[in-house]
Amino acid sequence: MKVIKFPERQQWVKLLERPALDTGVLRPAVAEIIGQVRSGGDQTLRQLTDKFDGVLLDELRVREEEFAEAESQISAELKVAIATAKRNIERFHSTQTEIPKPVETTDGVICWRKSIAIERVGLYVPAGTAPLFSTVLMLAAPAKLAGCREIVLCSPPDKSGKINPATLYAARLCGVTQVFKIGGAQAIAAMAFGTESVPRVFKIFGPGNQFVTEAKLQVSLTGTAIDMPAGPSEVAVFADETCVPAFVAADLLSQAEHGPDSQVLLVTTSERVIARTLAEIERQIESLPRVEIARESLVNSRAILVEDVPTATELLNEYAPEHLILAVEKADEVAEYVVNAGSVFVGNFSCEAIGDYASGTNHTLPTNGFARSFSGVSLDSFVKKITFQKVTANGIRNIGPAIETMAEAENLRAHRNAVAIRLESLNGARTESNL
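Keep in mind the model is a prediction, meaning the values are calculated, not measured.

Undergrad: Just checking my understanding: could you explain empty space enclosed by the protein for this structure?
TA: Taking a probe equal in size to a water molecule and rolling it over the atoms shows the remaining empty space. Per the stated rule, a full pass over the model turns up one cavity of 30 Å³ or more. The calculated volume of the largest cavity comes to roughly 40 Å³. Lining the largest cavity, in full, are Val 244, Phe 247, Val 248, Asp 251, Ile 325, Ala 327, Gly 347, Asn 348, Ser 350 and Cys 351. Take the lining of the largest cavity: its biggest share by element is three residues, from helix α9 (residues 245-256).

Next comes the structure, spelled out in structure tokens:
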């Protein structure tokens with residue numbers, strides 16, 4: 001990690017830059033894949049799966065016997081762990097249910113808003129060197145809670161044409177309706193536009209590599225909603241003399257091992273914390289199976305020494321991290337000053353890994369600074385909000401004249417007439433009616 005001491009504020013923008021991606025080649029390559037899937041359907045998906053995943057599939061859809069086989073391969077211990085995580089995720093997300101609250105804005109004018117589940121959603125679950133079956137729980141559990149009628153999941157197959165058993169087990173446990181052996185940009189295209197086998201969905205969720213991310217952005221321009229823009233994973237740790245350097249090092253490495261394009265950031269008011277944490281990183285990193293990936297990630301990472309807590313919080317809000325760990329004295333108080341972060345972990349024992357798996361919060365979070373304006377996935381992500389209004393005869397009498405005046409001022413005579421004709425009918429009626 002590069003160490004920077006007391007940077008000037010004008011250096012912050014440059015200092016906090018994420019690893020840059022070359023989108024010059026990426027964009028046309030992804031656009032070509034999307035176009036091929038739109039025109040070629042299942043046949044193209046098979047060809048692309050053969051090309052990118054090294055397996056030629058007879059059938060893209062996961063069959064019932066494959067779910068049964070996957071369940072038999074999962075240990076009892078892992079089943080209990082998955083059930084624990086699912087329970088906590090459901091418990092947390094169930095508190096986000098919105099109950100309609102009618103409000104009478106004017107006498108006789110009643111308005112309310114209702115959450116309606118998105119009927120068909122698509123989930124993307126990465127595989128490769130680290131099959132992220134935990135992502136199934138994070139996406140499918142709230143989708144089911146929200147009431148989504150159809151939940152479609154895509155994940156890349158391995159060389160034998162199988163999807164990771166834990167991914168299939170979690171999918172079945174959470175009520176996913178269909179699972180397909182498709183990865184990469186082609187999976188996003190299949191869910192966005194539909195094929196002979198894959199249903200077209202209305203919103204796509206889930207993390208992925210730069211091809212998946214670019215594909216999500218491109219299909220979002222053609223009518224398919226996405227959860228959020230996202231990039232490589234990242235964590236920032238704010239630590240002071242009360243931290244445990246071994247804990248901090250472990251947290252930094254837990255994100256660094258995601259991929260060489262991940263970024264980790266240590267911000268501290270103590271030079272000794274930097275020295276002890278870097279020493280701990282060197283001690284711990286050698287025991288990691290993904291040591292080379294972690295080392296590559298650390299090249300893009302920073303340890304920043306600042307003068308005081310206010311400077312640290314300002315710098316971290318400028319960075320807007322996906323994950324923020326507060327390993328500092330009075331962490332609860334410091335947390336109140338956080339305005340830009342995907343998810344915050346308060347105190348020395350609140351490791352980011354617990355949020356990745358089983359605390360109950362969602363691990364699908366905005367990266368690359370999008371935490372300034374985007375939220376992580378929640379129950380709200382799987383619903384749309386429809387507003388309703390009901391106007392009685394008394395209500396149109398009360399509010400009608402104001403609407404007539406405003407419509408006339410905007411030169412929208414038909415709008416004015418829609419109110420006027422009702423008022424005239426009431427003025428001509430013998431008895432008052434509450435329609």
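Undergrad: Just checking my understanding: could you explain the packing of aromatic side chains for this structure?
TA: Each pair of aromatic rings is reported with the distance of its centres and the angle of its planes. One pass over the full model with this rule turns up four aromatic pairs. A centroid spacing of 5.7 Å and a plane angle of 85° characterise the contact between Phe 370 and Phe 374, whose relative ring orientation is edge-to-face. Exposure remark for Phe 374: the relative accessible area of 33% places this residue in the partly exposed category. Arg 18 extends its terminal NZ or CZ atom over the ring of Tyr 319, reaching a point 3.8 Å from the ring centre. The ring centre of Phe 67 lies 4.1 Å from the NZ or CZ of Arg 172, which sits over that ring.

Undergrad: Sorry, what's going on with the side chain of His 323 here?
TA: Take His 323: it is sitting in strand β12 (residues 323-327). Separated by 2.7 Å, the side chain of His 323 and the backbone oxygen of Glu 234 make a polar contact. Reaching out from His 323, the side chain makes a polar contact with the side chain of Glu 322 at a distance of 3.5 Å. Beyond its immediate chain neighbours, meaning those up to four positions away, His 323 contacts Ser 233, Glu 234, Val 235, Ala 236, Gln 255, Ser 343, Phe 345, Glu 352, Asp 356 and Leu 365.

Undergrad: Any chance you could explain unusual backbone geometry here in plain terms?
TA: Glycine aside, residues mostly have negative phi angles, and peptide bonds mostly take the trans form. Despite not being glycine, Ala 320 has its phi angle at roughly 55°, a positive value. Assignment of secondary structure puts Ala 320 in the loop between α12 (309-319) and β12. Note on Ala 320: relative accessible area 0%, which makes it buried.

Undergrad: Which parts of the structure should I look at to understand the pairing of strand β9 (residues 234-239)?
TA: Across a regular strand the side chains alternate sides, sitting on one face of the sheet and then on the other. Summarising burial for β9: six of the six residues are buried, a large majority. Burial of β9 is two-sided: the residues Glu 234, Ala 236 and Phe 238 facing one way and the residues Val 235, Val 237 and Ala 239 facing the other way are all buried. Note: β9 against strand β10 (residues 263-268), six bridges, orientation parallel. Directly across from Phe 238, in β10, lies its bridge partner Val 267. Of the crossover connections in this fold, the one passing from β9 over α9 to the parallel β10 is right-handed. Alignment of β9 against β12, held across five bridges, turns out to be parallel. Within β12, the residue paired with Val 237 across the bridge is Ile 325.

Undergrad: What is the right way to look at the nonpolar core in this model?
TA: As a rule of thumb, nonpolar side chains are buried together in soluble globular proteins. Judged by nonpolar contacts, the single largest core of 38 residues is most densely connected at Val 121, Leu 123, Leu 153, Val 179 and Phe 382. Elements supplying a minimum of two residues to this core: α3 (64-73), α4 (76-94), β4 (120-124), α5 (134-146), β5 (150-155) and α6 (165-173). In terms of residue count, the dominant contributor to this core is α5 (eight residues). When residues no more than four places from it in sequence are discounted, the contact partners of Phe 382 are Ile 116, Ala 117, Ile 118, Val 121, Leu 123, Leu 139, Pro 142, Ala 143, Ala 146, Cys 148, Phe 205 and Val 377. With 28 residues, the next largest nonpolar core counts Leu 60, Cys 154, Ala 185 and Met 191 among its residues.

Basis of the calculations
- The numbering scheme is per chain: residues are counted from 1 as the chain's sequence reads.
- Note on the predicted model: pLDDT of at least 70 is required for a residue's local features to be given, and 80 or more for side-chain atom pairs to be given and counted; whole-chain, interface and lining totals, by contrast, use all residues.
- Side-chain descriptors were evaluated using all non-hydrogen atoms of the structure, hydrogens and water having been removed beforehand.
- Both site types are read off a 1 Å grid over the protein atoms alone. A 1.4 Å probe that fits but cannot get out defines a cavity, while an open set with protein on both sides within 12 Å along at least five of seven lines defines a pocket; lining residues have an atom within 4 Å of a point.
- Grid points are joined across faces, edges and corners, and a volume is the space filled by probe spheres set on the points.
- A run of H or I in DSSP becomes a helix once it reaches four residues, and a run of E becomes a strand once it reaches two; helices and strands are each numbered from the N terminus.
- Any two rings among Phe, Tyr and Trp, with Trp reduced to its six-membered ring, count as a pair given centres within 6.5 Å; such a pair is stacked if its planes are under 30 degrees apart, edge-to-face if over 60, and tilted if neither.
- The rule is simple: take the accessible area with a 1.4 Å probe, protein chains only, and divide by the maximum for that residue type; under 20% is buried, over 50% is exposed, in between is partly exposed.
- The rule for a charge over a ring is simple: NZ of Lys or CZ of Arg within 6 Å of the ring centre, and within 35 degrees of the ring normal.
- Pairs of N or O atoms are called polar contacts if they sit within 3.5 Å, as long as, within protein, a hydrogen donor faces a hydrogen acceptor (for residues adjacent in sequence, only side-chain-to-side-chain pairs).
- In what follows, a contact means two residues having at least one pair of non-hydrogen atoms within 4.5 Å.
- Strands were regarded as paired on the criterion that DSSP finds at least two bridges between them.
- Call a crossover right-handed when, viewed with both strands pointing away from you, the route from the first strand across the helix to the second goes clockwise.
- Among the buried residues, those of types Ala, Val, Leu, Ile, Met, Phe, Trp, Tyr and Cys that are joined through side-chain atoms within 4.5 Å form a nonpolar core.

Function-wise, these values are silent; they only describe arrangement.
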